[in-house]
Amino acid sequence: MAMQGGTALQEKVSRMLSRKQKKPVLKPNKPLVLKDEVANRKIKKGEATCVTEMSMMMACWKQNNFVDTLCSNEMQSFYKCVEKAQIAVKDKSEQQTIGQSGRLQPKQATTLLKRYPNLHIEV
Amino acid sequence: MLYFGKQIIEISFALWHLPESLPRGLRGTTFSKMSASITGLLKPWTPRVFLVRWSRYNPYYLEPEPRKEVYHIPETELTPEQKEERELKSVRPIKAATNSVTSSVFNDPVLSKFVNMMMKDGDKIIAKGIITQTLENMKRKQVEKYHKAPEGKKAEIECNPYAIFHQALENCKPVIGLASIQKGGKFYQVPIPLTDNRRRFLAMKWMITECRDNKHRRTLMYEKLSQELLAAFSKEGNVVKRKHELHKMAESNRAYAHYRWW
């Protein structure tokens with residue numbers, strides 16, 4: 001069943017390349033062969049974490065002329081927020097590598113394709 | 001007749017079963033990145049050649065434990081995890097400890113890192129000598145101050161040079177850093193939170209560059225370093241000023257904080 005789909009695609013491609021009917025739609029400069037790898041999907045661009053904590057700390061600094069001892073509370077809360085954010089990022093990336101039901105991760109697909117690469121030398 | 005030979009064979013076969021302690025994630029995976037390199041190396045295995053003074057090891061090797069307190073705990077007070085760890089250590093090979101790791105009471109990882117950063121061309125002897133002279137110099141200055149101070153103020157003067165070093169370094173650590181982020185063709189200096197390692201590195205780097213660049217031709221390194229450390233301990237001096245300037249830059253650029261995506 002994959003072969004029927006395959007031949008239909010090949011016929012369509014050969015029609016697009018031919019000069020018999022109309023002007024050729026495709027004029028490839030390289031052979032029409034897929035690569036042995038899959039592109040990495042862009043993970044959704046996150047937002048800046050801990051901005052509120054940072055702005056509170058900076059306001060405190062501005063008031064106290066950048067003396068650190070008077071702003072220790074804000075600084076402690078900023079550090080805690082940063083720690084939490086780092087743990088959240090780690091968990092999220094772990095969950096992504098493990099999850100993704102039904103579909104392969106791009107890295108996993110690349111590993112598989114590399115095991116059975118396209119033959120470019122006839123041995 | 002006592003068949004010792006058969007017993008020995010049985011023991012050696014027992015070692016070749018897959019250990020139950022192997023984490024689940026590693027047992028049946030075929031698609032994980034690790035499958036190509038690491039799972040093949042984590043099976044029970046004895047090295048035929050024992051590696052000494054390497055830095056690249058088979059991941060089967062365990063880390064050495066230099067702290068003495070761990071070995072002084074009596075058998076009865078060990079938690080189950082510690083017991084399991086000890087059993088594992090009796091079976092698996094262990095990496096050789098590096099030269100910088102000691103079990104002595106004077107081992108200070110922060111100080112060792114500072115010595116390494118100060119070292120030039122691998123000359124650790126000179127770097128360690130400079131640091132020792134610095135600590136001695138700081139102690140002398142503080143003791144002089146202590147003896148000259150009136151009775152009420154004596155308790156406030158810190159004489160321990162290691163404590164002064166650690167506190168000075170803490171006072172030099174920046175809280176927030178700047179990163180160059182490109183947005184719409186232009187580069188903006190965006191304030192970002194820093195990791196602890198990065199903060200410690202920046203503090204040490206500033207201290208060392210300050211002492212190398214801004215000193216009179218005839219002052220020696222240890223003299224200048226002790227002056228800077230004492231100044232940083234009391235939150236004065238050029239290094240703390242540099243930290244404050246970084247904070248001021250970050251504060252002036254706080255509008256760009258949203259250009260970060262992590």
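Summarised in this report is the structure supplied together with it.

Calculation criteria
- Residues numbered from 1 in each chain as written.
- Chains lettered and ligands numbered in written order.
- Predicted model: local features only at pLDDT ≥ 70, side-chain atom pairs only at ≥ 80, totals over all residues.
- Heavy atoms only, no water.
- Helix = DSSP H or I, 4+ residues; strand = E, 2+ residues; numbered from the N terminus.
- Buried < 20%, exposed > 50% of the residue type's maximum accessible area, 1.4 Å probe, protein only.
- Contact = heavy atoms within 4.5 Å.
- Buried area = accessible area lost by both parts, 1.4 Å probe.
- Salt bridge = Lys/Arg side-chain N within 4 Å of Asp/Glu carboxyl O.
- Polar contact = N/O pair within 3.5 Å; in protein donor to acceptor, adjacent residues only side chain to side chain.
- Nonpolar A, V, L, I, M, F, W, Y, C, P; charged D, E, K, R; others polar.
- Disulfide = S-S within 2.5 Å.
- 1 Å grid on protein atoms, 1.4 Å probe; cavity = no way out; pocket = protein on both sides within 12 Å on 5 of 7 lines; lining within 4 Å.
- Points joined across faces, edges and corners; volume = space filled by probe spheres on them.
- Phe/Tyr/Trp six-rings, centres within 6.5 Å; stacked < 30°, edge-to-face > 60°.

1. Section: the overall build of chain B
Line of reasoning, step 1. Scanning chain B for helices and strands turns up eleven helices and two strands.
Line of reasoning, step 2. Sequence-ordered secondary structure for chain B, helices as α and strands as β, is α-α-α-α-α-α-α-α-β-β-α-α-α.
Line of reasoning, step 3. For chain B, the residues scored as buried account for 30% of the 262 residues in total.
Line of reasoning, step 4. For chain B, contacts bridging at least 24 residues in sequence account for 61% of all contacts bridging at least 6.

2. Comments concerning helix 4 (residues 106-115) of chain A
Line of reasoning, step 1. Regarding helix 4 of chain A, the residues found buried are Pro106(A), Gln108(A), Ala109(A) and Thr110(A).
Line of reasoning, step 2. If you follow the buried residues of helix 4 of chain A, they end up packed against helix 3 (72-98) of chain A.

3. Some details on the interface of chain A and chain B
Line of reasoning, step 1. With 24 residues of chain A at the interface, the matching set in chain B holds 23 residues.
Line of reasoning, step 2. A combined buried area of about 2,100 Å² lies between chain A and chain B, and 66% of that area is made up of carbon and sulfur atoms.
Line of reasoning, step 3. Ranking the residues of chain A by area buried against chain B places Met54(A), Met58(A) and Phe66(A) at the top, with a combined share of 26%.
Line of reasoning, step 4. Taken together, chain A and chain B are joined by two salt bridges.
Line of reasoning, step 5. Taken together, the links from chain A to chain B amount to six residue pairs in polar contact (both at pLDDT 80 or more).
Line of reasoning, step 6. Contributing elements (two or more residues each) for the side of chain A that touches chain B: helix 2 (51-63), helix 3 and helix 4 of chain A.
Line of reasoning, step 7. Grouping the amino acids of the side of chain A that touches chain B by side-chain chemistry returns 13 nonpolar, five polar and six charged.

4. With respect to the pattern of salt bridges
Line of reasoning, step 1. Considering all chains together, one arrives at 15 salt bridges over all chains under this definition.
Line of reasoning, step 2. Among the salt bridges present, the one from Lys243(B) reaches Asp68(A), with a minimum N-O distance of 2.4 Å. Separated into two different chains, Lys243(B) in helix 11 (residues 237-252) and Asp68(A) in the loop between helix 2 and helix 3 make up a pair that spans both.
Line of reasoning, step 3. Between Glu144(B) and Lys148(B) there is a salt bridge, and its shortest N-O distance comes to 3.0 Å. In this pair, Glu144(B) and Lys148(B) are both assigned in helix 7 (residues 124-148), four residues apart and thus about one turn of the helix distant.

5. Regarding the state of the cysteines
Residue and element names in this part refer to chain A.
Line of reasoning, step 1. According to the stated counting rule, one finds two disulfides over all chains in the structure shown.
Line of reasoning, step 2. Put simply, Cys-50 and Cys-81 are joined by a disulfide, and their sulfur atoms are 2.2 Å apart. Across the S-S bond linking Cys-50 and Cys-81, the dihedral sits near -100°, which makes this disulfide left-handed. Residue Cys-50 is located in the loop between helix 1 (2-17) and helix 2, and its partner Cys-81 is located in helix 3; the two are separated by 31 residues in the primary sequence.
Line of reasoning, step 3. The buried category is assigned to Cys-50, whose relative accessible area is 9%.
Line of reasoning, step 4. You can call Cys-81 buried: its relative accessible area is 18%.
Line of reasoning, step 5. Each sulfur in the disulfide pair Cys-60 and Cys-71 lies 2.3 Å from the other. Between Cys-60 and Cys-71, the disulfide has an S-S torsion of -100° and is therefore left-handed. Residue Cys-60 is found in helix 2, and its partner Cys-71 is found in the loop between helix 2 and helix 3; the two are separated by eleven residues along the sequence. Take Cys-60 and Cys-71: they sit in the same class, and that class is buried.
Line of reasoning, step 6. Each disulfide in chain A links cysteines that, numbered along the sequence, combine into the pattern 1-4, 2-3.

6. A few points about empty space enclosed by the protein
Left-over empty space is what a probe sized like a water molecule reveals as it rolls over the atoms.
All names here are of chain B.
Line of reasoning, step 1. This model, assessed by the stated rule, comprises one cavity of 30 Å³ or more.
Line of reasoning, step 2. Reported here for the largest cavity is a volume of approximately 30 Å³.
Line of reasoning, step 3. Considering the residues around the largest cavity, the lining is formed by Leu-111, Phe-114, Ile-131, Thr-134, Leu-135, Phe-165, Leu-225 and Leu-229.
Line of reasoning, step 4. Among the elements of the structure, helix 6 (109-118), helix 7 and helix 10 (221-233) are those that each provide at least two residues to the lining of the largest cavity.
Line of reasoning, step 5. Here the lining of the largest cavity takes three residues from helix 7, the largest share from any one element.

7. A word on the packing of aromatic side chains
All names here are of chain B.
Line of reasoning, step 1. Within this structure, the stated rule accounts for eight aromatic pairs over all chains.
Line of reasoning, step 2. Judged by centre distance (5.1 Å) and plane angle (65°), the ring pair of Tyr-188 and Tyr-259 falls under edge-to-face. Taken together, the positions of Tyr-188 in strand 2 (residues 186-193) and Tyr-259 in the segment after helix 11 put the pair 71 residues apart, joining distant regions of the chain.
Line of reasoning, step 3. For the ring pair Tyr-256 and Tyr-259, a centre distance of 5.5 Å and an interplane angle of 25° mean the geometry is stacked.
Line of reasoning, step 4. Of the residues examined, Tyr-256 reaches a relative accessible area of 30% and is grouped as partly exposed.

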